[in-house]
Amino acid sequence: MRAAAERAASTITHRILLPLFLLATTLCKSDPDLLLDYCVADTSAAAASLHFNGLPCIDPASARAEHFATTALSRSTNPSPAALFGFNATVTSPATSLPGANAQGLAMARVDLAPGGVAPPHTHPRASEVAVVLDGSVLVGFADTSYRLYTQLLRAGEAFVFPKGMVHFMHNADVAAPAVVLSGFDSQNPGAQLVPLSAFRTEPSVPEEVLEKAFKIHGQDVHRIQRNLGG
């Protein structure tokens, strides 16, 4: 009798948990496939509408060729070597620069690196990235979860892949000339989290004792790094 009751309870549990699990995995998938040819972003409704994984669509009959084109990546930002890290990134967005990319699961970015500039170690939590050097020579690399480092010096026309979520960097190896990188992402909202800022520029601050223990430094080092990062 007890065994039968346990089997019945187990069956009920599986019937409840399995649909919940499937629902959770479906909801957690980023950038789902469209059931339409395209979904040009309705930017006028973006601020007022509740939406997931994309913006509301305009009437497909109102779509125009210019919705699928952008000049956002054609302009150099020429970061100053005196800037925090010596780089600027311009990322396409369906809301501001590329409405035709809405719900297509992609974004592009132009990264301008000053001479000797660096895009410091960072991650894109929602996207893999492929980076193509357009101009200059750029040292790129990423570390995997076993802390193995993969690095490559790229020149114009050469490309490199950063796997999703891996900490990676770009460094202009030329201290006399700028460099330009064009990146593609498999999410329209890849996100970016810079490791130095995540550790030393949060609001409120990470507890000082945590930073001291994590980086094997002293309190004065924490304060110096925070000041150097503009904190």
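Residues numbered from 1 in each chain as written. Predicted model: local features only at pLDDT ≥ 70, side-chain atom pairs only at ≥ 80, totals over all residues. Heavy atoms only, no water.

Attention now goes to the overall build of the protein chain. For the protein chain, the count of helices and strands is four helices and ten strands. Starting at the N terminus, the α and β elements of the protein chain follow one another as α-β-β-β-β-β-β-β-β-β-β-α-α-α. Looking at the 231 residues of the protein chain, the share that counts as buried comes to 32%. Long-range contacts, defined as pairs at least 24 residues apart, comprise 69% of the intrachain contacts of the protein chain with a sequence gap of at least 6. Carbon together with sulfur atoms contributes 60% to the accessible area of the protein chain, which is approximately 14,100 Å² in total. (Helix = DSSP H or I, 4+ residues; strand = E, 2+ residues; numbered from the N terminus. Buried < 20%, exposed > 50% of the residue type's maximum accessible area, 1.4 Å probe, protein only. Contact = heavy atoms within 4.5 Å. Areas by Shrake-Rupley, 256 points an atom, 1.4 Å probe, with all protein chains shown as cover.)

Turning our eyes to something else, we now look at the side chain of Ser187. Here Ser187 shows up in the loop between strand 9 (179-185) and strand 10 (193-194). Residue class for Ser187 comes out buried when judged on its relative accessible area of 1%.

Moving on: the pairing of strand 5 (residues 137-143). Burial within strand 5 is extensive, with five of its seven residues counted as buried. Relative to strand 6 (residues 149-155), strand 5 is paired through seven bridges, and the arrangement is antiparallel. Each bridged residue has a counterpart across the sheet, and for Ser137 the counterpart in strand 6 is Arg155. Judged from the six bridges that link them, strand 5 and strand 8 (residues 167-172) form a sheet pairing that is antiparallel. The residue of strand 8 that forms the bridge with Ala143 is Val167. (Pairing = 2+ DSSP bridges.)

Here the focus is the UniProt feature "binding site: oxalate" (unreviewed entry) in the protein chain. Per the UniProt record, "binding site: oxalate" (unreviewed entry) is annotated on His124 and Glu129. By secondary structure assignment, the location of His124 is in the loop between strand 3 (118-123) and strand 4 (129-135). With residues up to four places along the chain from it excluded, the contact list for His124 reads Glu129, Lys164, Gly165, His168, Phe185, Pro190, Gly191 and Ala192. Structurally, the position occupied by Glu129 is in strand 4. Polar side-chain contacts of Glu129 include one of 3.1 Å to the side chain of His124. (UniProt positions renumbered as here; feature names shortened; annotations may be inferred. Polar contact = N/O pair within 3.5 Å; in protein donor to acceptor, adjacent residues only side chain to side chain.)

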